[in-house]
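# Fold and geometry: a report
So you can see what is in the structure, the chains are spelled out below.
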Amino acid sequence: MEYNDSSNHNSENQSSKWYIELVDGNKFIVLFILSLGLYAIWWMYKSWRFFQQKEEPDMMPAARAIFGIFWAYPLFRRIQIYAKENGYTSNYNSGLLFVGYFCMNLSSRLPDPIGLVAIMAFAFLIPPVRALNFAIMNSDEYDGEEVDRYSAGQMTIVAFGIIFWGMIILGLISGQEMVN
């Protein structure tokens with residue numbers, strides 16, 4: 001999420017709303033997988049920062065993002081409440097999403113290649129990502145837009161992610177050849 005003054009974004013919409021660029025669910029999955037799950041920290045930071053600016057100035061979004069595994073449940077709940085206030089009709093169970101996300105993160109400690117299943121943790125973040133995007137796009141306070149293009153920073157994640165995943169796959173293949 002990026003915050004900008006909406007008057008700088010769209011000349012037709014001269015409202016006092018804050019403009020926010022949102023990451024859609026599919027782009028979130030790509031960035032999550034290619035960053036080996038680190039993109040979740042950035043998304044949590046931006047989400048907590050959104051709520052800090054909206055309602056709680058003394059909140060520490062960076063700390064909540066870094067220790068995201070402990071703050072995921074409150075974030076999921078807060079997103080769902082905000083989404084419902086803005087007309088979101090889908091439901092998700094914050095507790096089950098948290099448990100799934102927590103277990104997927106723990107599975108990274110399993111031996112390779114089984115530990116790679118942890119990359120599926122994105123599945124437990126997609127409902128809150130979609131709910132927050134919906135809430136912002138349907139809010140009277142914000143002018144949200146899901147942006148299809150990748151920013152320079154996101155392209156950097158894609159480039160490094162392709163390299164890292166290539167190295168992981170080569171390591172798994174060469175490791176299996178050495179055992180046989």
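See the structure printed just above.
Residues numbered from 1 in each chain as written. Predicted model: local features only at pLDDT ≥ 70, side-chain atom pairs only at ≥ 80, totals over all residues. Heavy atoms only, no water.

### Describing the pattern of salt bridges
A complete count under the given rule lists four salt bridges for this structure. The partner of Lys-54 in a salt bridge is Glu-55, with the nearest N and O atoms 3.6 Å apart. For Glu-55, a relative accessible area of 41% gives the class partly exposed. Several salt bridges share partner residues, and in doing so they unite Lys-54, Glu-55, Glu-56 and Arg-78 into one network. (Salt bridge = Lys/Arg side-chain N within 4 Å of Asp/Glu carboxyl O. Buried < 20%, exposed > 50% of the residue type's maximum accessible area, 1.4 Å probe, protein only.)

### Regarding the packing of aromatic side chains
This structure, assessed with the given rule, holds 14 aromatic pairs. Summarising the aromatic geometry, the rings of Phe-28 and Phe-32 are spaced 6.0 Å apart at their centres and angled 35° between planes, so their arrangement reads as tilted. Of this pair, Phe-28 and Phe-32 both sit in helix α2 (residues 25-34), four residues apart, roughly one helical turn. The exposure classification of Phe-28 matches that of Phe-32, with both residues buried. Each ring, one from Phe-32 and one from Phe-122, has its centre 6.1 Å from the other, and the planes form 65°; the classification is edge-to-face. Remark: Phe-122 occurs in the loop between α6 (94-106) and α7 (126-137) and Phe-32 occurs in helix α2; sequence separation between them is 90 residues. The pair Phe-32 / Phe-122 is uniform in exposure class, with both members buried. The ring of Trp-71 has Arg-64 sitting right over it, with the charged end atom 4.0 Å from the ring centre. (Phe/Tyr/Trp six-rings, centres within 6.5 Å; stacked < 30°, edge-to-face > 60°. Helix = DSSP H or I, 4+ residues; strand = E, 2+ residues; numbered from the N terminus. Lys NZ or Arg CZ within 6 Å of the ring centre and 35° of its normal.)

### Side note on the environment of Ile-20
Among the secondary structure elements, Ile-20 is positioned in strand β2 (residues 18-22). On the basis of relative accessible area, Ile-20 is assigned to the buried category, the value being 0%. It is 7.0 Å that separates the C-alpha atoms of Ile-20 and Tyr-142, two residues lying 122 residues apart in sequence.

In short, the description is geometric, and any link to function would need to be established separately.
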